[in-house]
Protein chains: 2
Amino acid sequence: MESEAVQKARLAQRAARVLAQIDTPQKNKALAAIADALEQQVDYLLTANRKDMEAAKIRGISEAMLDRLTLTPARIRAMAEGVRQVVQLQDPVGKIVSSWETDGHLKITKVTVPLGVIAIIFESRPNVTVDAAVLCLKSGNACVLRGGSEAIHSNTALVRVIRQGLRAAALPEDGVALLENTDRALVKELLTLRKYVDLAIPRGGAGLIQMVVQTATVPCIETGSGICHVYVDKAADLDMAVRIAENAKVSRPSTCNAMETLLVHKDILQPFLKKLLPVLQKDRVTIRGDREVQACGVMEAATEQDWRTEYNALILSVKTVPSLEAALAHIQQYGTHHSEAIVTTDKKTADLFLQRVDAAAVYVNASTRFTDGFEFGFGAEIGISTQKLHVRGPMGLEALVSYKYRIQGQGQIRL
Amino acid sequence: MESEAVQKARLAQRAARVLAQIDTPQKNKALAAIADALEQQVDYLLTANRKDMEAAKIRGISEAMLDRLTLTPARIRAMAEGVRQVVQLQDPVGKIVSSWETDGHLKITKVTVPLGVIAIIFESRPNVTVDAAVLCLKSGNACVLRGGSEAIHSNTALVRVIRQGLRAAALPEDGVALLENTDRALVKELLTLRKYVDLAIPRGGAGLIQMVVQTATVPCIETGSGICHVYVDKAADLDMAVRIAENAKVSRPSTCNAMETLLVHKDILQPFLKKLLPVLQKDRVTIRGDREVQACGVMEAATEQDWRTEYNALILSVKTVPSLEAALAHIQQYGTHHSEAIVTTDKKTADLFLQRVDAAAVYVNASTRFTDGFEFGFGAEIGISTQKLHVRGPMGLEALVSYKYRIQGQGQIRL
């Protein structure tokens, strides 16, 4: 007998072939039906969520985790609103990327097509379930979702409601599936089903991402791990640097685009820290610094381990660097190719930084926090890619399509 | 002590950082120096090749394999000529893909960048060594090559000559490396060096490709496996269909874009085979057919195994189908998403075929043999991708770059 992973991936592939052929109004009709279904089923969703919450409290998970897990009527309305926003986004399928005629008079048209079946492995936030499903649908793909076991009742209920929306729009409900058995062996199976699965996307912490990348034999996209730096150059506007550093660290420390390490040119270290430290103290940020930074009044010492750590919390490591070259070398060694920023008024230094840093997003005089699908103007995103293949940076709908070449001839053969 | 794989990949990454920053004239100067070095070192290369040839003869490899392994002065000149052609191709790095200003007045520029270090695992043809190295160089990437053990002396000599060209152009010779130890364990190590290797590309038979895809934890691109079909519709111009079928099967049967299975609509089976069979007999093609095809004078029976087989030889399986739908279903089940063709004069049928077939290249009234970088106008190619991620179909220089976002602000923070 086939496992749940094989069965759902196989049925998803069948559904994907239907979803690949439908037009934009049909997709949008399904999305509208899903939004409506979410709003109509608030009580059902809250009841399911309560089971997860009770189990979580018994297991004693953290307040932060509990908050991420919680559904409320307002959060469900926000989910439905998010789905309606995806209706407004342009359909990424069927776009002509380019077209030309060869010397031999073949007419070649490169046109975007869906990927097929996308496996999404994620952690406890139930809103990911809805986001992922509707982005896949809008791009003509089917998806097989595998959420964290702590959200299993919420996710099961959400996927049932989404499938109800698909049925209401006369589309195959197998286009959105959830692994209800949270046995880890099933995830591994899903990640090696090359026959059915076209892409795997992990969304979550470093452990989850590494598991997916190491296990998958289907193509996968590494997402989200972010050790981001802000480098304050000797030619920086120090007040601007304080605002950017504060924003990059404090505005939402749990995100992957938050700053983890601040690099400061030695020539401006003292005046800059004099401005910065009181601000970060007020924000309750714990600071760990090298010797020079400690000499400016920081109590905790940073070790090599700090340069390698994505805190995802109100902790900041600060390092003094003697030059732009030293800042670039540090970023090269410890960065995760996510988002890196320089604060400087020197155009030549800024251009060198833009040219030399190998990251998805390289900023001059702006906060790293802008690396995000909405901020870039892409609309909803399915993650932020930190690899170079296929897609880099915020992954909007265009990251979920491939293309094919359509070639029209008049009997041409190759000589 | 680090293994040869780790050492060469690590040094390649260091070289890649230099190669990523050099301009087009510098790259082209290096390519010209490589072409010159190849021509100057013909004797050295032939001597090395002779060692491989002698070992091969002792082991008794096939005539076809022996031919692929052989270097001659003319073949070396052709290699040098191929390198000079790459000089003429546009540099794919540093192109502005798009640029826009956000509502918050951030100026975002999406610009192409090299991938970094590319591992290329290939079989016995030594010309792949040169092709792969120069395409990687032109796209600003370093490469670590691993060829078949039967060509080890030829490949070692070729890479030495290429590195001599790099030195002559004052570029880091570690940008092109070859694993000289052909132990399989080193390949596996190379394919899991996520710290150093950005992409793996296998070039060769199905066994090699599957090994790479199953082993790699670095991103990889599946290439080349091609079970290509030609479907002759009931509304086909039968003479055109004969020409296309012959060309697709016979012009170069060992390539991945050659036809393996011919699908024929039942309504025109008899008149079509009457025209086709004498042609293929003259071409010495072995034909295996289903019952209806056998009734038209074909002696050998096709089994289900035939539909799954990439012969890469002068063998053709022929199947009768009752409809376009049946042809599409067969291609869906047995195709490898490479190249598929229909011969028809019915525009509606042609459009359905173009729309419904899920393959890199879908043809109307032309031979599948055109799926090739040169034929598409891309110039030299590094392989043909049969996966949907990153690149699909012929992989020219543009398949070897990624991009980054450069963002210019005036102190913006995220609210």
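Quantities reported herein were computed from a predicted structural model and do not represent experimental measurements.

So, about the packing of helix α3 (residues 42-59) of chain B against helix α7 (residues 152-168) of chain B. All names here are of chain B. The N-to-C vectors of α3 and α7 enclose an angle of 160°; their axes lie 7 Å apart at closest approach. Considered as vectors, α3 and α7 are oriented roughly antiparallel to each other. α3 and α7 meet at a crossing whose hand is right-handed. Where α3 approaches α7, its residues Y44, L45, A48, N49, K51 and D52 are matched on the opposing element by I152, H153, S154, A157, L158, R160 and V161.

What follows is about the interface of chain B and chain A. The partner chain A presents 67 residues to the 67 residues of chain B that form the contact. Summed over both sides, the interface of chain B with chain A buries roughly 6,000 Å², with 50% coming from carbon and sulfur. If you look at where chain B meets chain A, you find 8 salt bridges. Between R194 of chain A and E222 of chain B there is a salt bridge, with the nearest N and O atoms lying 2.1 Å from each other. Applying the counting rule to chain B against chain A returns 46 residue pairs in polar contact (both at pLDDT 80 or more). If you list the elements that add at least two residues to the side of chain B that touches chain A, you get β2 (107-114), α9 (206-215), α10 (238-250), α15 (347-356), β13 (361-366), α16 (373-376) and β16 (401-412) of chain B. For the side of chain B that touches chain A, the residue count by class is 32 nonpolar, 20 polar and 15 charged. Sheet topology places strand β13 (residues 361-366) of chain A next to β16 of chain B; 5 bridges connect them, and they run parallel. Bridging from a neighbouring strand, A366 of chain A pairs with Q412 of chain B of β16 of chain B.

Under the UniProt annotation, the feature "domain: Aldehyde dehydrogenase" (unreviewed entry) is placed at residues 8-297 of chain A. Across residues 8-297 of chain A one finds 51% helix and 17% strand; the C-alpha atoms that close the span lie 58 Å apart.

This part takes up the packing of aromatic side chains. Evaluated as defined, the whole model comprises 14 aromatic pairs over all chains. Measuring from centroid to centroid gives 6.2 Å for W100 of chain A and Y405 of chain A, while their planes differ by 80°, and the two rings are edge-to-face. Here W100 of chain A, found in strand β1 (residues 96-101), pairs with Y405 of chain A, found in strand β16 (residues 401-412); they are 305 residues apart in sequence, far enough to count as distant. Taking relative accessible area as the criterion, Y405 of chain A reaches 2% and is therefore assigned buried. Each residue in the set W100, Y403 and Y405 of chain A together with F376 and F378 of chain B is aromatic and connected to the rest through ring pairs, giving one cluster. It is K319 of chain A that lies over the ring of W307 of chain A; its NZ or CZ is 5.5 Å from the centre.

We note that the domain assignment places domain 1 (4-221 + 395-407) and domain 2 (228-375) within chain A. One C-alpha centre belongs to domain 1 of chain A, the other to domain 2 of chain A; they are set 35 Å apart.

Looking now at the packing of helix α2 (residues 24-40) of chain A against helix α6 (residues 127-138) of chain A. Relative orientation and spacing of two packed helices are given, respectively, by the angle between their axes and the distance between those axes. All names here are of chain A. In contact at an axis separation of 9 Å, α2 and α6 are set at 160° when each is read in the N-to-C sense. Comparing the axis directions of α2 and α6 gives the class roughly antiparallel. When you trace α2 past α6, the crossing you get is right-handed. Judged by residue contacts, K27, N28, L31, I34 and L38 of α2 engage V130, V134, L137 and K138 from α6. Its residues assigned to classes, the contact of α2 with α6 shows 6 nonpolar, 1 polar and 2 charged.

A separate point is the side chain of T349 of chain A. As for its placement among the helices and strands, T349 of chain A is situated in helix α15 (residues 347-356). Given a relative accessible area of 12%, T349 of chain A falls into the buried group.

Residue H105 of chain A is not a glycine yet carries a positive backbone phi of 65°. With respect to the helices and strands, the residue H105 of chain A is situated in the loop between β1 and β2 (107-114). On the accessibility criterion, H105 of chain A (48% relative accessible area) is partly exposed. Phi is positive for R284 of chain B, close to 60°, though the residue is something other than glycine. Tracing the backbone shows R284 of chain B in the loop between α11 (269-282) and β9 (286-289). Overall, the relative accessible area of 70% leaves R284 of chain B in the exposed class.

How each quantity is defined
- Residues numbered from 1 in each chain as written.
- Chains lettered and ligands numbered in written order.
- Predicted model: local features only at pLDDT ≥ 70, side-chain atom pairs only at ≥ 80, totals over all residues.
- Heavy atoms only, no water.
- Axes fitted to C-alpha atoms, helices over the stretch in contact; angles between N-to-C directions.
- Helix = DSSP H or I, 4+ residues; strand = E, 2+ residues; numbered from the N terminus.
- Parallel < 35°, antiparallel > 145°, perpendicular 65-115°, else oblique.
- Left-handed = near helix turned anticlockwise from the far one by under 90°.
- Contact = heavy atoms within 4.5 Å.
- Buried area = accessible area lost by both parts, 1.4 Å probe.
- Salt bridge = Lys/Arg side-chain N within 4 Å of Asp/Glu carboxyl O.
- Polar contact = N/O pair within 3.5 Å; in protein donor to acceptor, adjacent residues only side chain to side chain.
- Nonpolar A, V, L, I, M, F, W, Y, C, P; charged D, E, K, R; others polar.
- Pairing = 2+ DSSP bridges.
- UniProt positions renumbered as here; feature names shortened; annotations may be inferred.
- Phe/Tyr/Trp six-rings, centres within 6.5 Å; stacked < 30°, edge-to-face > 60°.
- Buried < 20%, exposed > 50% of the residue type's maximum accessible area, 1.4 Å probe, protein only.
- Lys NZ or Arg CZ within 6 Å of the ring centre and 35° of its normal.
- Domains from an automatic or database assignment.

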